[in-house]
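# Close look at the chain arrangement
One letter stands for each residue in the lines below.
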Amino acid sequence: MHAHSLHPGSIWTPLSRHLGDDDLRAMGLLTEAGERVTAGLKTVPQGAATIVFAALDDRPASGTYVEDCDVAPLIEADGHVDHGVRRWAVDPELAERLWVLSEQMVA
């Protein structure tokens, strides 16, 4: 059994109905005129494709971070990035510390 974390991408779904116009504007998904911004968003099938890839493809090793139907590349950038995974997020020692802390917290 493999376990992955993944990001299906930004997808305009009916879940957005739970957000107010101010929230959508803050996220860059609504113009001041009230029009939806869809540039750069994936369709539901495109987002689902990454989930299916992670579930069915045997190539990614367990514990990888998956995006855009592939294992995300390691990045060294500081600040906001739109893709990739930082080295600290796949550090086995940090993962072990988090696991131990989680076990302690849930007893």
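Since the model is a prediction, treat every value here as computed from it, not as a measurement. (Residues numbered from 1 in each chain as written. Predicted model: local features only at pLDDT ≥ 70, side-chain atom pairs only at ≥ 80, totals over all residues. Heavy atoms only, no water.)

### Some details on unusual backbone geometry
The backbone of D68 sits at a positive phi, close to 50°, despite the residue not being glycine. When you line up the elements, D68 lands in the loop between strand 2 (65–67) and strand 3 (70–71). You will see that C69, though not glycine, has its phi angle at about 55°, which is positive. Of note, C69 is situated in the loop between strand 2 and strand 3. (Helix = DSSP H or I, 4+ residues; strand = E, 2+ residues; numbered from the N terminus.)

### Structural notes on the pattern of salt bridges
Applying the stated criterion across every chain, the model contains five salt bridges. Residues E32 and R25 are paired through a salt bridge, measuring 3.7 Å at the closest nitrogen-oxygen approach. With relative accessibility at 68%, the residue E32 sits in the exposed group. Look at R25 and you get partly exposed, because its relative accessible area is 24%. (Salt bridge = Lys/Arg side-chain N within 4 Å of Asp/Glu carboxyl O. Buried < 20%, exposed > 50% of the residue type's maximum accessible area, 1.4 Å probe, protein only.)

### Topic: a nonpolar patch on the surface
There is a patch of nonpolar side chains on the surface, built from L98, L101, M105 and V106 and spanning about 460 Å² of accessible area. Considering the arrangement of structural elements, one finds L101 in helix 3 (residues 92–106). (Patch = residues over 30% accessible without salt bridge, like charges linked within 9 Å, V, L, I, M, F, W, Y side chains within 5 Å. Areas by Shrake-Rupley, 256 points an atom, 1.4 Å probe, with all protein chains shown as cover.)

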